[in-house]
Amino acid sequence: MLEQIEGLLKEAKEWQAKNAQEVEDFRLAFLSKKGKLNQLFDEFKKVPNEKKREFGQELNKLKGKIEERFKSLQEESQNSSVTSEDKPDVFLPEVPESLGSLHPLTITKRRIAEIFARMGFSSEDGPEMETDWYNFTALNFPENHPAREMQDTFFISKGEEQKDDTLLRTHTSNVQVRLMEHTKPPLRSIMVGRVYRNEAISARAHCQFHQAEGLYVDKNVSFKDLKDTLLHFAKEMFGKDTKIRLRPSYFPFTEPSAEIDISCFICKGEGCNICKKTGWVEIGGSGMVDPNVLVSAGIDPEEYTGFAFGMGIERIAMLKFGINDIRLFFDNDIRFLSQFKGV
Ligand code: DAH
């Protein structure tokens, strides 16, 4: 028995531990329930009674020494946590910090607001949850008129009259009326925000998207002012050689009305897939503010005229950055978003 005690003490003294795991191995080997020390205590039970006193004392001493060794191994491993093996290599290249980037829609929205700010347009905001009055009726959509169907609306609740229904705005034109109600002309503003339509989601359409609405009301505002403003914007946004084309159209809130096309800056008008071989791409609608809309907002149409336009922000961002699927804007896939770093 004494030999076994000496043997175990020697083994414990020679045990080396380089790290916390190896200290734990020591504890398991010597001090756990099934460890070597307990095995020796089991054997001690078989020792004849007359030897029990002598061996018992030695065994207790051994226990104390093994526990001490365990403690000192623990301390050693803590003090030398930076051993030669895991010392940092100061010559390794640093791990780059990954910074976030602006969303491509944010980049586009800011760029649009910036271009118009330089032409004297202030930036305004309006509610996404709106009443029928601001989204339709005040914009000269007659009650139950089929023009309301042009925009598949998400309704929230019914009001006493149609104009009191609440809905998610289908365009940013709602802000026009709100603005004119509390600001006397001259006024020149750009309104950028999110809009909603009950459309099937595909690569080209989404149930939520963004628009930039523009409004200019003053004395003697003419269609030429509208054309010049849109042309200047197109050149600033898409490049100096960009041309615009205004195609006659219909919107209840403008008369006359026109769709805005820009010359395809990808093929320079030659015809490509983006412009469907026509050389032109549509970016929004525009027109001279209908006198009925001015009246709804409390402005005298005999004294003032105005122009307005609305453009799709996703459409502009897709053209500008060559994005071919509108759903990418809302997936928030980091592989997509990180491509806009530093843009
Ligand atoms: N609100 C129209 C739409 O969403 C776009 C539009 C057309 C806005 C003509 C205007 C405008 O201000 O004058 O389809």
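Above this text you will find the structure in question.
Residues numbered from 1 in each chain as written. Predicted model: local features only at pLDDT ≥ 70, side-chain atom pairs only at ≥ 80, totals over all residues. Heavy atoms only, no water.

(A) Region of the structure containing the pairing of strand S7 (residues 244–251). Sheet topology note: the S7/strand S8 (residues 254–263) ladder contains seven bridges and is antiparallel. The residue of S8 that forms the bridge with Leu 246 is Ile 260. The turn joining S7 and S8, which pair antiparallel and follow one another in sequence, is formed by two residues. (Pairing = 2+ DSSP bridges. Helix = DSSP H or I, 4+ residues; strand = E, 2+ residues; numbered from the N terminus.)

(B) Expanded view of the environment of Glu 14. As for its position among the elements, Glu 14 is in helix H1 (residues 2–14). Glu 14 gets classed as exposed once you look at its relative accessible area, which sits at 51%. Placed 55 residues apart in sequence, Glu 14 and Arg 69 show a C-alpha to C-alpha distance of 9.8 Å. (Buried < 20%, exposed > 50% of the residue type's maximum accessible area, 1.4 Å probe, protein only.)

(C) Expanded view of the sheet that holds S7. Read across the open sheet, the seven strands follow the order S1-S5-S6-S10-S9-S8-S7; overall the sheet is mixed. On the outer flanks of this sheet lie strand S1 (122–124) and S7, each paired with one strand and no other. Recorded for the sheet is a direction-independent mean angle of 25° between the axes of neighbouring strands. Two elements, strand S6 (residues 208–218) and strand S10 (residues 305–312), share eight bridges in a ladder whose sense is antiparallel. Within S10, the position partnered with Asp 218 by the bridge is Thr 305. (Axes fitted to C-alpha atoms, helices over the stretch in contact; angles between N-to-C directions.)

(D) Looking closely at the environment of Trp 15. Examined against the element boundaries, Trp 15 turns out to sit in the loop between H1 and helix H2 (20–31). A residue is classified by how much of its surface remains accessible, and Trp 15, at 24% relative accessible area, is partly exposed. Considering only alpha carbons, one finds Trp 15 and Leu 73, 58 residues apart in sequence, at a separation of 8.8 Å.

(E) Spotlight on unusual backbone geometry. Across the junction of Pro 185 and Pro 186, the peptide omega takes the value 5°, indicating a cis bond. Position of Pro 186 relative to the elements: it lies in the loop between helix H7 (174–182) and strand S5 (187–196). With an omega of -5°, the peptide bond between Glu 255 and Pro 256 qualifies as cis. Mapped onto the secondary structure, Pro 256 falls in strand S8. Unusually for a residue other than glycine, Asn 220 sits at a positive phi of about 60°. For Asn 220, the position within the fold is in the loop between S6 and helix H8 (223–238).

(F) Geometry of the site of the ligand. Around the ligand, 16 residues are found, and the nearest of them are His 171, Ser 173, Arg 197, Gln 211 and Glu 213. Note that a nitrogen atom of the ligand is positioned 3.0 Å from one of the side-chain N or O atoms of Ser 173. In this structure, Phe 309 approaches the ligand through a main-chain N or O atom, which is 3.3 Å from an oxygen atom. With the chains in place, 92% of the 350 Å² that the ligand exposes on its own is no longer accessible. (Near = heavy atom within 4 Å. Polar contact = N/O pair within 3.5 Å; in protein donor to acceptor, adjacent residues only side chain to side chain. Areas by Shrake-Rupley, 256 points an atom, 1.4 Å probe, with all protein chains shown as cover.)

(G) Representation of the sheet that holds strand S3 (residues 155–157) in the model. Read from one edge of the open sheet, three strands run S2-S4-S3, paired in antiparallel fashion. Looking at strand neighbours, the two that pair on one side only are strand S2 (129–131) and S3, the edges of this open sheet. Each adjacent strand pair in this sheet contributes to an overall mean axis angle of 35°, direction not counted. Pairing analysis gives three bridges linking S2 to strand S4 (residues 166–168), with the strands arranged antiparallel. Paired with Glu 130 across the two strands is Leu 167, which belongs to S4.

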